[in-house]
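Understanding the architecture of this molecule
Chain by chain, the residues run as shown.
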Amino acid sequence: MAIRKPPITTREYWAPGHAACAGCGPAIVMKLATKAFSEAMEEKYGDPNAFAIAHATGCMEVVSAVFPYTAWKAPWIHVAFENAAAAASGVEAAWKKLGRKGKILAIGGDGGTADIGLQALSGMLERRHNVVYLMYDNEAYMNTGIQRSSSTPYGAWTTTSPPGKYSIGEDKPKKWVALIAAAHQAPYVATASIGDPYDFYRKMKKAASVDGPAFVQVLAPCVPGWRIPSEKTVEIARLAIESGLWPLFEIENGDFYNIKFQRFPKDGKFKKPIEDYLKIQGRFKHLFKRPEAIQELKNQIKEVWRILGKEVELL
Amino acid sequence: MAESPFKADIEKVQKEYGEKMTPGAIVYIPGSSVVNKTGGWRVFMPKFDKDKCIRCFMCYTLCPEPAIYLDEESYPVFDYEYCKGCGICANECPTKAIEMVRETK
Ligand SMILES: Cc1ncc(C[n+]2csc(CCOP(=O)(O)OP(=O)(O)O)c2C)c(N)n1
Ligand code: SF4
Ligand code: SF4
Ligand code: SF4
Ligand SMILES: [Mg+2]
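About the cut-offs
- Residues numbered from 1 in each chain as written.
- Chains lettered and ligands numbered in written order.
- Predicted model: local features only at pLDDT ≥ 70, side-chain atom pairs only at ≥ 80, totals over all residues.
- Heavy atoms only, no water.
- Phe/Tyr/Trp six-rings, centres within 6.5 Å; stacked < 30°, edge-to-face > 60°.
- Buried < 20%, exposed > 50% of the residue type's maximum accessible area, 1.4 Å probe, protein only.
- Lys NZ or Arg CZ within 6 Å of the ring centre and 35° of its normal.
- Near = heavy atom within 4 Å.
- Polar contact = N/O pair within 3.5 Å; in protein donor to acceptor, adjacent residues only side chain to side chain.
- Helix = DSSP H or I, 4+ residues; strand = E, 2+ residues; numbered from the N terminus.
- Nonpolar A, V, L, I, M, F, W, Y, C, P; charged D, E, K, R; others polar.
- Donors = N, O, S within 2.8 Å, 3.2 Å for Na, K, Ca; no water.
- Contact = heavy atoms within 4.5 Å.
- Buried area = accessible area lost by both parts, 1.4 Å probe.
- Salt bridge = Lys/Arg side-chain N within 4 Å of Asp/Glu carboxyl O.

1. Some details on the packing of aromatic side chains
- Using the criterion set out here, one finds 14 aromatic pairs over all chains in the structure.
- Ring centres of Tyr277 of chain A and Phe284 of chain A lie 6.4 Å apart, and the angle between their planes is 45 degrees; this geometry places the pair in the tilted category.
- For Phe284 of chain A, a relative accessible area of 2% gives the class buried.
- Through a chain of ring-to-ring contacts, three or more aromatic side chains come together here, namely Phe261, Phe264, Phe270 and Trp305 of chain A.
- When the ring centre of Tyr75 of chain B is taken as origin, the NZ or CZ atom of Lys50 of chain B, which lies over that ring, is 4.6 Å away.

2. Let's talk about the site of ligand 1
Residues and elements named next belong to chain A.
- Ligand 1 sits among 17 residues. The nearest are Cys59, Gly111, Gly112, Tyr136 and Asn143.
- Measuring from an oxygen atom of ligand 1, one finds a backbone N or O atom of Ala140 at 2.9 Å.
- At a separation of 2.9 Å, an oxygen atom of ligand 1 approaches a polar backbone atom of Met142.
- Take the shell around ligand 1: its biggest share by element is three residues, from helix 4 (residues 110-115).
- Of the residues in the shell around ligand 1, the class split is seven nonpolar, eight polar and two charged.

3. Some words on the coordination of the magnesium ion (ligand 5)
All names here are of chain A.
- Taken together, the protein donors to the magnesium ion (ligand 5) comprise Asp110 (OD), Asn138 (OD1) and Ala140 (O), at separations of 2.0 to 2.1 Å.
- Mapped onto the sequence, the residues coordinating the magnesium ion (ligand 5) show the spacing D-x27-N-x1-A.
- The class for Ala140 is buried, based on a relative accessible area of 4%.

4. Describing the interface of chain A and chain B
- Each partner contributes to the interface: chain A provides 44 residues, whereas chain B provides 46 residues.
- Across the interface of chain A and chain B, roughly 3,600 Å² is buried in total on both sides, 59% from carbon and sulfur atoms.
- For the interface between chain A and chain B, the tally reads two salt bridges.
- Here chain A and chain B share 25 residue pairs in polar contact (both at pLDDT 80 or more) between them.
- Sorting the residues of the side of chain A that touches chain B by element identifies helix 1 (25-45), helix 7 (197-209) and helix 9 (233-242) of chain A as the ones contributing at least two each.
- Considering every element that reaches the side of chain A that touches chain B, the biggest residue donor is helix 1 of chain A, with five residues.

Pasting the structure below:
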């Protein structure tokens, strides 16, 4: 029988034996991001291994680097919670001085990016380092036991945003770091979701190919943190796209007037109810007794779409 | 039978690795996590029916470990040494060629 060519490279940079939970969304991100990176490096420099990784602490750093072992098959450095972008900038500057061709990948969670690493990220983008910053967004500080971050969505349960008589759970709107990154007029900024793995793959490849800094924010569900069954990780990330809850877009050079959208319905009407996305996640369970909170969440998402230049209808 | 892309790593770590502390905590063997056989975590096991498989690569693309690689004809091969039994492959397979069955050890 004829051999079919897989849509992603068979080179591996993320080895099994790591300690991520069964069904971990961010683990899928690590695997696909490095494969995409290597394809881009091969096409651009003729060397699939022309990259190195600086990784902020957080779940993916911890599960991949239990000393004396590593799941990484690429040069990789563990840095502190706050400075993946700064360390990556330094490595990139050193490579430049050495005349070494390639690109650096910085990885951080939402806590490491939206909160404590935001300043380092801003510096990296503003100084125009040739680095891709990958933010895997599982919407809370998972590694330390599910505390809220500024990227936690409105209404979500976390251990530091517990719902109850006087609380609906997280009470602030989600901070969209991709929009902050785009405001730096970075050559390439994109959002993605593991619910559309090949869209994510293409965007990582694009980010790795452009000259200068790029930023990719990818939605990656977390099994214990979202209180979901392990087999639903990808399905939930897909529902986030289909319900309109997770906009997929690309912004080049900070050009907010020419945003490219992916999987955007022509008529602006999303076909899946937001409730379909919420109801399979334990972290949103309490909202079903608080319909006004679900309405508020929908209003906030519509507002994000409006900022992106789109009037949408959500179910 | 196709070989795991990680076979060389497994052999290398087994041959060369001591658990001694290195200067700067540098880890010298890439992919050395392969010594941790995470298949022991599994409760449900993906059972693959080749006749139903259309080689869409979805399971291969999405396995978080990865514990799925491809054989010479691009069919998925399940590596039970590492598969944690999450069920994503079965959930995402468009033709239901993968079924999760409770494992008896
Ligand atoms: C300066 C500093 N403060 C706190 C910690 C403890 N810490 C380690 S990982 C982590 C949370 C990481 O959250 P996130 O970046 O969202 O990654 P995730 O674990 O969710 O993948 C925290 C608070 C630390 N390592 N360094
Ligand atoms: S806690 Fe969440 S992010 Fe961390 S390893 Fe488990 S599933 Fe992945
Ligand atoms: S059950 Fe999960 S870990 Fe096992 S092969 Fe399928 S996707 Fe991979
Ligand atoms: S997802 Fe199903 S049909 Fe597709 S390659 Fe895997 S087993 Fe075959
Ligand atoms: Mg997080």
